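# Analysis of the macromolecular model
Here is what each chain is made of, one letter per residue.
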Amino acid sequence: MKLTRIAPLGALALAGALVLAGCASNETAGGTGTTPSGDSSAAALTGTINGIGSSAQGTAQQTWIAGIQTANPDLNINYDPQGSGAGRKSFISGAADFAGSDAALSDEELSGTFAPCADGTRAIDLPVYISPIAIAYNVEGLSDLKLDAATIAGIFSGKITKWNDPKITALNDGAPLPDAAITVVHRSDDSGTTQNFTEYLAANAKDVWTEPSGQTFPYQVGDAAKGTSGVAEATKNAKNSITYIDESGAAGLSIAQLKVGDAFVKISAEGAAAVVADSPLVSGREAGDLAININRTDTQANAWPLVLVSYVIACQQYQDAAKGALVSSYVQYIASDAAQQAAAQQAGSAPLSAELSAKVIAAAQSIK
Amino acid sequence: MTAATAGTRPARRKAKVRIGDRVFATTTIVAGSLILATLAAVAIFLVIQSIPALVAGAGELPNEAANFWQYVWPLVFGTVWAAFLALLFATPLSIGIALFITHYAPRRVSQTLGYIIDLLAAVPSVVFGLWGIATLAPFVQPFYQWLGDHLGWFPLFAPPVSGTGRTILTAAIVLAVMVIPIMTAICREVFLQAPRLHEEAALALGATRWEMVKMAVLPFARSGIVSAIMLGLGRALGETFAVAMVLSPAFLVKLAVLQPQNPNTIAANIALQFPEATGVSVNALVASGLVLFAVTLLVNILARWIIARRAAFSGANG
């Protein structure tokens, strides 16, 4: 009883402290960003920018922020991984200076106005984070499962329910497939991982995967769990389970090989980056907008088309030029080889190909 | 749980107004109105934000719902069902613990136990959620499997059994553990107030200890127990994070408690879907929050009503 009486007071005090701390850190913002003279690393950057968005990018953003802030001690970048939708909303309403998003801006969003951007200008999508999505499973004694899109669609739509189903055995000659029910685990929260997974299945196995793609898992099959870590935990704790998961979260689980074209491919960062490099840009966008139309049916050698591309969404031209200069420098840094390699190490992402990296840097330079 | 004061009032005398009195009175009035203002602000926010969802038609709402009520009904059901299951476990346990502490345990043990129960109330719900995922769910899954295999004909235990054990039953167990401290604390207070003379009289008439509890303590404490249940229910209805982490949700209404697809609760659904929600989906989530607000209000009114109805007999509430 006592506790419940004291708790609101404590919460109030904490909230007060946070509000005060928030004010304090905002005061340093000023708006005294110096314009980098051509080369982003020439002048030390000062000021504050805030980003909100994709949790998939969370670890990578932390890595990048640490990287750029080490070089520019007076620069203050905050990234809050609330989710892609929240990020886009905050950016549009002006609550964030840039958004991290697993989906590019929709045409509908682009037709509206963006509060942080200068009047009459639009926001642009810059791909900065590529991550392969793994089909991970936990079956005792089974180490190299091979699957194709139709079989995956069958499993995740509930049409294939046993591990020794003829459709699975046909792909895995001689593998020790148990006579057990498949425990499918999927995301319970809306997520970009689900979006990309369902896009892949809708593109490669239309006959089996009859639901449209989207952020919400469409079938009532198997167990649901919250977030990448929740899915990983559920899959590890259940017998004979299978899930789709960001590769960085699949530690401790076995990863299935995917049939791409006529060959079985192992998951690789290079394969994921190759598919993105091989994909066309979404047409009808501004010059600096690099929204990618991922080629889900890519069949080149070692390609891994089950891939998630996450964007930084920024203004083409900011109301506040100082902010624009900071965002421009930050995105240029993110797209650089060093930052991409650092993210690959910390977050398990696939570095951008040299060509795409150059395009992103060029687009970032145009941010004012 | 203060005892009702029913003393006679002293004759009226003109009191001197002191500054301290004034300050204190103003403070209490401000505090009292502030809580009303806050509640009103929350209610207004919920109503305004809900309107677009309430008028939204088919195709706009999440989960392919044709209208808002179709969207919210499985959530309301899941919320009430999970809370009901939780209370099913928590009520007998809390009463048992409270009775043990007040009437059975040696004094030193009862004090220690009391502290431990209070400590349980201080554990954050995220920790309960983690415990539910990492320990409880894998632990109970084999039992669920057994129940499904052998008692599958019983509608509650109908197969297919979840492979991960993250069913509504597991969520209810976690919720039960979370509401036990508050329910135990209230029951303990009420049991302690049972008139000593009644208890001793019962014992003197040759009642065993259990008979004494049955005759002298429980009837006296009934309304206190009801209010404990209602407070526990309030907490179970609103619990968000532990459920969001433990439960494997789907969009449906069903009573079976061992299956992989379970009805979600309102609070957990908001926590899960809000970060990625856009447009009308956001309004739908806020509107479901309004429904939860209404459900909780109903529960509170019900609790008040029961206590008021029983107040005449017991005198152990306030």
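Conventions used here
Residues numbered from 1 in each chain as written. Chains lettered and ligands numbered in written order. Predicted model: local features only at pLDDT ≥ 70, side-chain atom pairs only at ≥ 80, totals over all residues. Heavy atoms only, no water. Helix = DSSP H or I, 4+ residues; strand = E, 2+ residues; numbered from the N terminus. Buried < 20%, exposed > 50% of the residue type's maximum accessible area, 1.4 Å probe, protein only. Contact = heavy atoms within 4.5 Å. Lys, Arg positive; Asp, Glu negative; His and termini not counted. Charge placed at Lys NZ, Arg CZ, Asp CG, Glu CD. Disulfide = S-S within 2.5 Å. pLDDT = per-residue confidence, 0-100. Pairing = 2+ DSSP bridges. Axes fitted to C-alpha atoms, helices over the stretch in contact; angles between N-to-C directions. Parallel < 35°, antiparallel > 145°, perpendicular 65-115°, else oblique. Left-handed = near helix turned anticlockwise from the far one by under 90°. Nonpolar A, V, L, I, M, F, W, Y, C, P; charged D, E, K, R; others polar.

Moving on, we get to the overall build of chain B. Tallying secondary structure elements over chain B gives 10 helices and 2 strands in all. Secondary structure elements of chain B, listed N to C terminal, follow the sequence α-α-α-α-α-α-α-α-β-β-α-α. When the backbone C-alpha atoms are referred to their principal axes, chain B occupies close to 70 × 55 × 30 Å. Looking at chain B residue by residue over its 318 residues, the buried ones come to 47%. Taking all contacts inside chain B whose residues are at least 6 apart in sequence as the whole, residues at least 24 apart take part in 76%. Charged side chains of chain B number 20 positive and 11 negative; the gap between the two group centres comes to 18 Å.

With that out of the way, let us pick up unusual backbone geometry. Residue B:P160 is reached from B:P159 by a cis peptide bond, and omega for that bond is 5°. Within the fold, B:P160 resides in the loop between α4 (125–151) and α5 (168–192). Of note, A:N240 is a non-glycine position whose phi angle comes to about 55°, a positive value. On the accessibility criterion, A:N240 (16% relative accessible area) is buried. If you check the backbone angles, A:N302 has positive phi at about 65° while not being a glycine. Structurally, A:N302 can be placed in the loop between α9 (269–277) and β12 (307–315).

Another aspect to go through is the state of the cysteines. Residue and element names in this part refer to chain A. Under the counting rule described, the total for this entry stands at 1 disulfide over all chains. Covalent S-S linkage joins C117 and C315, the inter-sulfur distance amounting to 1.9 Å. One quick way to see it: the torsion about the S-S bond of C117 and C315 is about -80°, and its sign makes the bridge left-handed. In this pair, C117 is assigned in the loop between α4 (107–111) and β4 (123–138) and C315 in strand β12, connecting sequence segments 198 residues apart. By the burial criterion, C117 is buried, and C315 matches it.

Let's shift gears to the confidence of the model for chain A. All names here are of chain A. When the pLDDT values of chain A are averaged, the result is 85; 88% of them are 70 or greater. Mean pLDDT in chain A bottoms out at helix α1 (residues 2–27), which sits at 48, and peaks at helix α5 (residues 149–156), which reaches 94. This model gives residues 16–41 a pLDDT under 50, and the stretch forms 17 contacts once residues within four places in sequence are excluded.

What follows deals with the sheet that holds strand β10 (residues 257–260) of chain A. Residue and element names in this part refer to chain A. The 3 strands lie next to each other as β5-β10-β11, forming an open sheet whose pairing is mixed. Lying at the two open borders of the sheet, with one neighbouring strand each, are β5 (146–147) and β11 (263–265). Bridging between β5 and β10 involves 2 bridges; their strand directions are parallel. Pairing of K146 across the sheet is with Q257, part of β10.

Now for the pairing of strand β8 (residues 241–246) of chain A. For a regular strand, side-chain orientation follows a simple rule: the groups alternate between the two sheet faces. Residue and element names in this part refer to chain A. Burial analysis of β8 places 6 of its 6 residues in the buried class, which makes it a mostly covered element. Bridge analysis of strand β6 (residues 183–187) against β8 gives 3 bridges, and the strand direction is parallel. Within β8, the position partnered with V185 by the bridge is T243.

Residues and elements named next belong to chain B. Viewed as axis vectors pointing N to C, α5 and helix α7 (residues 209–238) meet at an angle of 150°, and their least axial separation amounts to 8 Å. In terms of their interaxial angle, α5 and α7 are classed as roughly antiparallel. The handedness of the crossing between α5 and α7 comes out as right-handed. Here the contact of α5 with α7 is built from residues that sort into 18 nonpolar, 3 polar and 1 charged.

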